[in-house]
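Listed below are the residues making up each chain.
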Amino acid sequence: MSSFERIVVVGAAGLGARAATCLARRFGPVHLIGPGSDALGDVGVRRYPLATVRDLDLDTPAVVVDNDGGRLQRLVCDRLVIAGWPVPLLPWGRWVVDGKVAIAGDGADLKLLSTCFDVNGLWRPALADYQFRRQSGANSLL
């Protein structure tokens, strides 16, 4: 992954902060839309705590946010991680979109995603591994 790629994390509660910290340590600067402490700036996370997510474009990928109570802004990114948010746009059994977007529903998903990055190192192989492991886990519940 090149150093100029924009990584955005949309996160609920502490999951977004955990995901942003994990990605910032591996890949460099990360933009976090959601709550998080001021200390995240020390590891390369730029926070947007007051932004409200209005829409997600998983194909581009991009996030449409409301920063100041009416003016919408579209944040286009190269990589997008959605942590702790339900995304009804995806078909059942999909957690990765085109090797650019990853969806982590809870802390266990986030831990699995982190493990996939540890094992694979690069973005696309890690997301392919994450999709495979999540799919295998979901199929074992059927």
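Here is what the cut-offs are and how they apply
- Residues numbered from 1 in each chain as written.
- Predicted model: local features only at pLDDT ≥ 70, side-chain atom pairs only at ≥ 80, totals over all residues.
- Heavy atoms only, no water.
- Phe/Tyr/Trp six-rings, centres within 6.5 Å; stacked < 30°, edge-to-face > 60°.
- Axes fitted to C-alpha atoms, helices over the stretch in contact; angles between N-to-C directions.
- Helix = DSSP H or I, 4+ residues; strand = E, 2+ residues; numbered from the N terminus.
- Parallel < 35°, antiparallel > 145°, perpendicular 65-115°, else oblique.
- Contact = heavy atoms within 4.5 Å.
- Nonpolar A, V, L, I, M, F, W, Y, C, P; charged D, E, K, R; others polar.
- Buried < 20%, exposed > 50% of the residue type's maximum accessible area, 1.4 Å probe, protein only.

K.L.:
What is the right way to look at the packing of aromatic side chains in this model?
P.N.:
The geometry of an aromatic ring pair is captured by the separation of the ring centres together with the interplanar angle, meaning the angle of the planes. On inspection of all chains with the given rule, the structure shows three aromatic pairs. Ring centres of F117 and W123 lie 5.2 Å apart, and the angle between their planes is 50°; on these two criteria the pair is classed as tilted. Here a set of aromatic residues connected by ring pairs shows up, and it is made of F27, F117 and W123.

K.L.:
Any chance you could explain the packing of helix α1 (residues 13-27) against helix α2 (residues 107-120) here in plain terms?
P.N.:
Packed helices, taken two at a time, are described by the angle their axes make and the gap between the axes. In contact at an axis separation of 10 Å, α1 and α2 are set at 5° when each is read in the N-to-C sense. As summarised for this structure, α1 and α2 are arranged roughly parallel, according to the angle between their axes. Contact residues: α1 offers L15, R18, A19, C22, L23, R26 and F27, while α2 offers G107, L110, S114, F117 and D118. Here the residues of the contact of α1 with α2 sort into seven nonpolar, two polar and three charged.

K.L.:
Got a minute to help me understand the environment of A126 in this structure?
P.N.:
As for its position among the elements, A126 is in helix α3 (residues 123-140). For A126, a relative accessible area of 0% gives the class buried. Dropping the residues within four chain positions of it, A126 is found in contact with C116, F117 and N120.

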